[in-house]
Amino acid sequence: MSDWHASKGTVTAVFTPERKGFHLYSIDLPATGIEDVGRPTAMSVSGVLRAEGKLTAAQDVRSISVPGVDAPVPVYPDGPVTTTLPVRADGDGNATLLLGYATCSTQDGCTIPVSDRPVRLRVTGDGPAFDAH
């Protein structure tokens, strides 16, 4: 969390593939991928946090060709992808970040996609903090 002022701030998440040579898919990829290939890099909020804008990524998208898929598939360059989401709090209470991603390599295949992985937060007048429970 950064830039927290008057119940508003920015959530930043860095998605880092566990293995070298792996890429993440674009935040703009459809939820089920393109012809069922890939899953979008995603972050959403629930609870007392609300999105105040669109998720953005710091890296540029490039398109790759996947054998058996007619359309180009939008991915980020191999390595980490930094995303940001402007948020606001509707008061004190619990909030959850839901993260999703899939990593693939053009040579080594793909890892199992992650969908709606929860990260719990507690929001107070001092701002959000990771929940210790």
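Residues numbered from 1 in each chain as written. Predicted model: local features only at pLDDT ≥ 70, side-chain atom pairs only at ≥ 80, totals over all residues. Heavy atoms only, no water.

Caption draft 1: Broad picture of the state of the cysteines. Taken as a whole and judged by the stated rule, the model has one disulfide. What pairs with cysteine 104 in a disulfide is cysteine 110, and their sulfur atoms sit 1.9 Å apart. Taking the sign of the torsion about the S-S bond as the criterion, the disulfide between cysteine 104 and cysteine 110, at about 110°, is right-handed. With relative accessibility at 4%, the residue cysteine 104 sits in the buried group. (Disulfide = S-S within 2.5 Å. Buried < 20%, exposed > 50% of the residue type's maximum accessible area, 1.4 Å probe, protein only.)

Caption draft 2: Representation of the layout of surface pockets in the model. In this structure, the largest pocket encloses a volume near 250 Å³. The set of elements that each furnish at least two residues to the lining of the largest pocket consists of strand 2 (8-15) and strand 10 (93-101). It is strand 2 that provides the largest number of residues to the lining of the largest pocket, a total of three residues. Of the residues contributing to the lining of the largest pocket, the split by class is eight nonpolar, three polar and two charged. In this structure, the second largest pocket occupies an estimated 190 Å³ of space. As for the second largest pocket, its lining consists of 16 residues, and the residues nearest its centre are Pro40, Thr41, Ala42, Gly100 and Asp116. The set of elements that each furnish at least two residues to the lining of the second largest pocket consists of strand 4 (42-47), strand 10 and strand 13 (114-124). (1 Å grid on protein atoms, 1.4 Å probe; cavity = no way out; pocket = protein on both sides within 12 Å on 5 of 7 lines; lining within 4 Å. Points joined across faces, edges and corners; volume = space filled by probe spheres on them. Helix = DSSP H or I, 4+ residues; strand = E, 2+ residues; numbered from the N terminus. Nonpolar A, V, L, I, M, F, W, Y, C, P; charged D, E, K, R; others polar.)

Caption draft 3: Spotlight on the sheet that holds strand 12 (residues 109-110). Within the open sheet, the three strands sit side by side as 3-11-12. Their pairing is antiparallel. Unpaired on one side and paired on the other, strand 3 (23-24) and strand 12 mark the two borders of the sheet. In this structure, strand 11 (residues 103-105) lies alongside strand 12, joined through two bridges in antiparallel fashion. When the bridges of strand 12 are listed, cysteine 104 appears paired with cysteine 110. (Pairing = 2+ DSSP bridges.)

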